[in-house]
Amino acid sequence: MILQVAKAIIHQNKQFLLQLRDNSPGIVYPNQWSFFGGGIESEETPWQALQRELEEELEWRPVQGFFLDQWINYDHPCRMHLFAVPFIGNRKKLILQEGQAMRWFSLVELKNVDSVVPHVEQNIISFLRYVETGTVFKKE
């Protein structure tokens, strides 16, 4: 059975919260900026897994999110479940528990960062297009 993963495009005011993953050779995408989230356990739905992961990683449990898409990541075989998760509240209350750092990026800022997981930027662009036009979310 293929690994199932839930990830979040956490957004507020056209900025996106990303995690700088640990610089450990044993993990997927080490030392790169990526979405928060992680593995789905057998008894969880993708949304439940994402809520648990965000609570573990940021000490924040979102109450709402919107399912965007799922696909197979062939670079590191897993089924990705992607959600848009609005952040409402005080950013200073987020407490990083996993990874090297967290940072809010605008899309323009993100385009100038070298160490970003390949699918992150394209998914943010598709999300913004979806929000602006209401068209179906799809990756390029």
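Use the structure listed above.
Residues numbered from 1 in each chain as written. Predicted model: local features only at pLDDT ≥ 70, side-chain atom pairs only at ≥ 80, totals over all residues. Heavy atoms only, no water.

## Looking at the packing of aromatic side chains
The description of an aromatic ring pair uses the distance of the two centres, along with the angle that the planes make with each other.
Part 1: Applying the stated criterion across every chain yields a total of 7 aromatic pairs.
Part 2: Aromatic pair Phe 16 and Phe 127: ring centres 6.2 Å apart, planes at 90°, arrangement edge-to-face. Of this pair, Phe 16 sits in strand E2 (residues 15-20) while Phe 127 sits in helix H3 (residues 118-133), and the two are 111 residues apart along the sequence. Comparing Phe 16 with Phe 127 shows no difference in burial state: the two are buried.
Part 3: With a centroid separation of 5.8 Å and an interplanar angle of 20°, the aromatic rings of Phe 66 and Tyr 130 are classed as stacked. You can see Phe 66 sitting in strand E5 (residues 66-73) and its partner Tyr 130 sitting in helix H3, a full 64 residues away along the chain. (Phe/Tyr/Trp six-rings, centres within 6.5 Å; stacked < 30°, edge-to-face > 60°. Helix = DSSP H or I, 4+ residues; strand = E, 2+ residues; numbered from the N terminus. Buried < 20%, exposed > 50% of the residue type's maximum accessible area, 1.4 Å probe, protein only.)

## Structural notes on unusual backbone geometry
Part 1: The backbone of Asn 13 sits at a positive phi, close to 50°, despite the residue not being glycine.
Part 2: At Asn 31, a residue that is not glycine, the phi angle is positive and equals roughly 55°.
Part 3: Structurally, Asn 31 can be placed in the loop between E2 and strand E3 (33-34).
Part 4: Taking relative accessible area as the criterion, Asn 31 reaches 31% and is therefore assigned partly exposed.

## Section: the pattern of salt bridges
Where charged atoms from two side chains of opposite charge approach closely, those side chains can pair.
Part 1: All chains considered together, the criterion is met by 7 salt bridges.
Part 2: Of the charged contacts, one joins Glu 41 and Arg 52 as a salt bridge, the two residues approaching to 3.8 Å between their closest N and O atoms. Note that Glu 41 is positioned in the loop between strand E4 (36-39) and helix H1 (46-58) and Arg 52 in helix H1, a separation of 11 residues in sequence.
Part 3: Since its relative accessible area comes to 15%, Arg 52 is described here as buried.
Part 4: A single salt-bridge network, built from bridges that share partners, covers Glu 41, Glu 44, Arg 52, Glu 53 and Glu 56. (Salt bridge = Lys/Arg side-chain N within 4 Å of Asp/Glu carboxyl O.)

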